[in-house]
Amino acid sequence: MSTVLDPAVPSAIQRGLQTCECCGLLSRPASRAEEGRCPRCGRGLEFRKPASLQRTWAFLIGAAICYIPANVLPVMMTTTFSGTESDTILQGVVFLWSPTGWPLSLIVLIASIMIPVAKISALGYLLITVKRGSIRNNGQRIRLYRIVEIVGRWSMVDVFVDTFTAALVQLQPLMSVEPGPGLPFFAAVVVLTMLAAESFDPRLIWDPSSGAAGKEI
Amino acid sequence: MYNQALSDASLIGCPHCDLLQRLPALEPGESARCPRCGKELWRRKEDSLQRPLALTIAAALLYVVANTVPMLGLTVVGREAFTTVFGGALHLWNAGWESVAVLVLFTAVVAPGLQIGLMLAILLGARRVRPHRWVGHLLRYYSTVGTWSMIEVMILGVLVALIKIAELAKVIPGLALFVLGVLVFLIAAIEASFDPREVWQRVEWAEAAERQRAASKNMTEAAS
């Protein structure tokens, strides 16, 4: 059976063809009833990532919930002679702010506070437009998705800052630093937004314009 | 049940927009993009097995050094303290933040180690004309592990920590920090010189391997 390219039916899904997410091989399911495997790498195949929208929403809502304690609770606690002082992420940014240190302060501000919010809103926007079957700004939406995929990991910066500050500053009784209760919530925000980006299927952005929406999914 | 492969192997679906298209034949150094969404579909690399192999061996050596020598230290009123990457995670664990400790250990130590180790195995396995099935298996895990390998993010975090601590004590950047810096560039160079498509095109197919196994089982049954 030969497949001829036809601009009227542009997407592989409309020809009943599946792309392997792992090795990229294009193949045709042998049976409609049973889920097929990739003949090259053996991975289970689907037309679209299974329950992509629901899974992405679940991770995203989880991340949004964790974002609140991550910012309200202290991520670092410093003990000195004069007592214990606790710092939230934002207080850490303010602490770093100085005539010479402001670029680092800006890095932490962007990576820890702005990127998670931007990621959650960007993925939320993508989910809503996909659900509505939008056919506008496809190019911009796919670019937004790619940016979310690339920058997400950089939110981990603050986790590493707190980890290594605490590991190093153990000068009892002079001074010691311990991680605060906000840290696990902050780490959860980073992991959950990364999982959300991974479970979103960007091909859903293009399906309404190909006339493939709702088919085979 | 396995899907049926198409007779025309140059046909592909774009992973980002599902556009059905024909992948052109490329010369080394050339790349192809999806005409609809702009996703880079394939960049053919020159010498795509030897170069990454050399880089991976170098990366493996640096990885061992980076995880054994101190990464940063400080001195204050005559007292000294040092920590390694592993020590950072260990301290979190002991302080009662096990979940974060596991995350730090995984993203800063385990995932980069797996990334380098898997790549080494893949490249060695792919030297055969028809690489064995396990090469494909490892390639599958390799891309997942890469997402969670965050050495470059950790270095930025350590630099911020260094500057924070510098207000209180004299900080000493350790050897591991510089080695990790080089390692980031090496891992980026491995990614840039490795061509997974080249390996996928030659690897033994899952379907064929299973058929072969079934055939040899039938043979032994018939013989007995």
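Just so you know, these numbers come straight off a predicted model, no measurement behind them.

## A word on the overall build of chain A
Counting its secondary structure elements, chain A contains seven helices and six strands. The order of α-helices and β-strands along chain A, N terminus first, is β-β-α-β-β-α-α-α-α-β-β-α-α. The burial tally for chain A puts 46% of its 217 residues in the buried class.

## Regarding the confidence of the model for chain A
Here chain A shows a mean pLDDT of 89. Residues at 70 or above account for 95%. Mean pLDDT across the elements of chain A bottoms out in strand 5 (residues 170-171) of chain A (82) and peaks in helix 1 (residues 52-72) of chain A (96).

## Structural notes on the domain arrangement of chain B
Accessible area lost during the coming together of the parts is what is often quoted as the interface size. Each assigned domain of chain B is listed with its residue range as follows: domain 1 (7-43) and domain 2 (45-204). Between the C-alpha centres of domain 1 of chain B and domain 2 of chain B the distance comes to 31 Å.

## Section: the sheet that holds strand 7 (residues 79-83) of chain B
Residue and element names in this part refer to chain B. Strands sit in the order 7-6-8 across an open sheet of three strands; the sheet is antiparallel. The sheet is open, and its two borders are formed by strand 7 and strand 8 (170-173), each paired with just one other strand. Recorded for the sheet is a direction-independent mean angle of 20 degrees between the axes of neighbouring strands. By the bridge criterion, four bridges tie strand 6 (residues 72-76) to strand 8 in an arrangement that is antiparallel. Bridge pairing in strand 8 places leucine 72 opposite proline 173.

## Details of the pairing of strand 4 (residues 83-87) of chain A
All names here are of chain A. In this sheet, strand 4 lies alongside strand 3 (residues 76-80) in antiparallel orientation, the contact comprising five bridges. Directly across from methionine 76, in strand 4, lies its bridge partner aspartate 87. If you look at the hairpin formed by strand 3 and strand 4, you'll find two residues sitting between the two strands.

## A short note on the nonpolar core
Membership of the largest hydrophobic core comes to 123 residues, with the highest contact counts inside it found for Val157, Phe186 and Val189 of chain A together with Val158 of chain B. Considering every element that reaches this core, the biggest residue donor is helix 6 (residues 182-199) of chain A, with twelve residues. Ignoring anything within four residues of it in the chain, the contact list for valine 158 of chain B reads Phe160 and Phe164 of chain A together with Met71, Leu72 and Leu177 of chain B.

## A short note on the sheet that holds strand 1 (residues 4-5) of chain B
The strands that make up a sheet pair up through hydrogen bonds in the backbone, lying either parallel or antiparallel. Taken in spatial order, the three strands of this open sheet run 1(A)-2(A)-1(B), and their pairing is antiparallel. Two strands in the sheet have a free side with no partner beyond their single neighbour: strand 1 (18-19) of chain A together with strand 1 of chain B. One ladder, built from two bridges, connects strand 2 (residues 26-28) of chain A with strand 1 of chain B; its direction is antiparallel. Of the residues in strand 1 of chain B, the one forming a bridge with serine 27 of chain A is alanine 5 of chain B.

## Overview of the interface of chain A and chain B
At the interface, 63 residues of chain A touch 55 residues of chain B. For the side of chain A that touches chain B, the secondary structure elements donating two or more residues are strand 1, strand 2, helix 3 (102-131), helix 5 (157-168), strand 5, strand 6 (175-179), helix 6 and helix 7 (203-210) of chain A. If one sorts the elements of the side of chain A that touches chain B by residue count, helix 5 of chain A sits on top with ten residues. Counted by class, the side of chain A that touches chain B contains 40 nonpolar, 14 polar and nine charged residues.

## What to know about the packing of helix 6 of chain A against helix 3 (residues 98-125) of chain B
Two elements in contact, helix 6 of chain A and helix 3 of chain B, have axes separated by 9 Å at closest approach and are oriented at 45 degrees. When the axis of helix 6 of chain A is compared with that of helix 3 of chain B, the two are oblique. As for how helix 6 of chain A packs across helix 3 of chain B, the hand of that crossing is left-handed. Here Leu183, Pro184, Ala187 and Val191 of chain A of helix 6 of chain A lie close against helix 3 of chain B, whose contacting residues are Ser99, Val100 and Leu103 of chain B. Of the residues in the contact of helix 6 of chain A with helix 3 of chain B, the class split is six nonpolar, one polar and no charged.

## Considerations on helix 2 (residues 89-96) of chain A
Listed in full, the buried residues belonging to helix 2 of chain A are Ile89, Gly92, Val93 and Leu96 of chain A. Take helix 2 of chain A and look down its axis: the buried residues cluster within an arc of 100 degrees, on one side only.

## Overview of the packing of helix 3 of chain A against helix 5 (residues 151-166) of chain B
Where helix 3 of chain A contacts helix 5 of chain B, the axes come no closer than 11 Å and their chain directions differ by 130 degrees. Classified by the angle their axes make, helix 3 of chain A and helix 5 of chain B are oblique. Viewed along their axes, helix 3 of chain A and helix 5 of chain B form a crossing whose handedness is left-handed. Facing helix 3 of chain A, whose interface residues are Leu104, Ile107 and Val108 of chain A, helix 5 of chain B presents Leu156, Val160 and Ile163 of chain B. Broken down by class, the residue content of the contact of helix 3 of chain A with helix 5 of chain B amounts to six nonpolar, no polar and no charged.

## Details of the domain arrangement of chain A
Assigned domains within chain A: domain 1 (1-47) and domain 2 (50-210). Using only C-alpha atoms to locate each centre, domain 1 of chain A and domain 2 of chain A end up separated by 36 Å.

Reading guide: rules and limits
- Residues numbered from 1 in each chain as written.
- Chains lettered and ligands numbered in written order.
- Predicted model: local features only at pLDDT ≥ 70, side-chain atom pairs only at ≥ 80, totals over all residues.
- Helix = DSSP H or I, 4+ residues; strand = E, 2+ residues; numbered from the N terminus.
- Buried ≥ 20, exposed ≤ 12 C-beta atoms within 10 Å, placed from the backbone.
- pLDDT = per-residue confidence, 0-100.
- Domains from an automatic or database assignment.
- Pairing = 2+ DSSP bridges.
- Axes fitted to C-alpha atoms, helices over the stretch in contact; angles between N-to-C directions.
- Core = buried A, V, L, I, M, F, W, Y, C linked by C-beta atoms within 7 Å.
- Contact = placed C-beta atoms within 7 Å.
- Nonpolar A, V, L, I, M, F, W, Y, C, P; charged D, E, K, R; others polar.
- Parallel < 35°, antiparallel > 145°, perpendicular 65-115°, else oblique.
- Left-handed = near helix turned anticlockwise from the far one by under 90°.
- Arc of directions from axis to C-beta.

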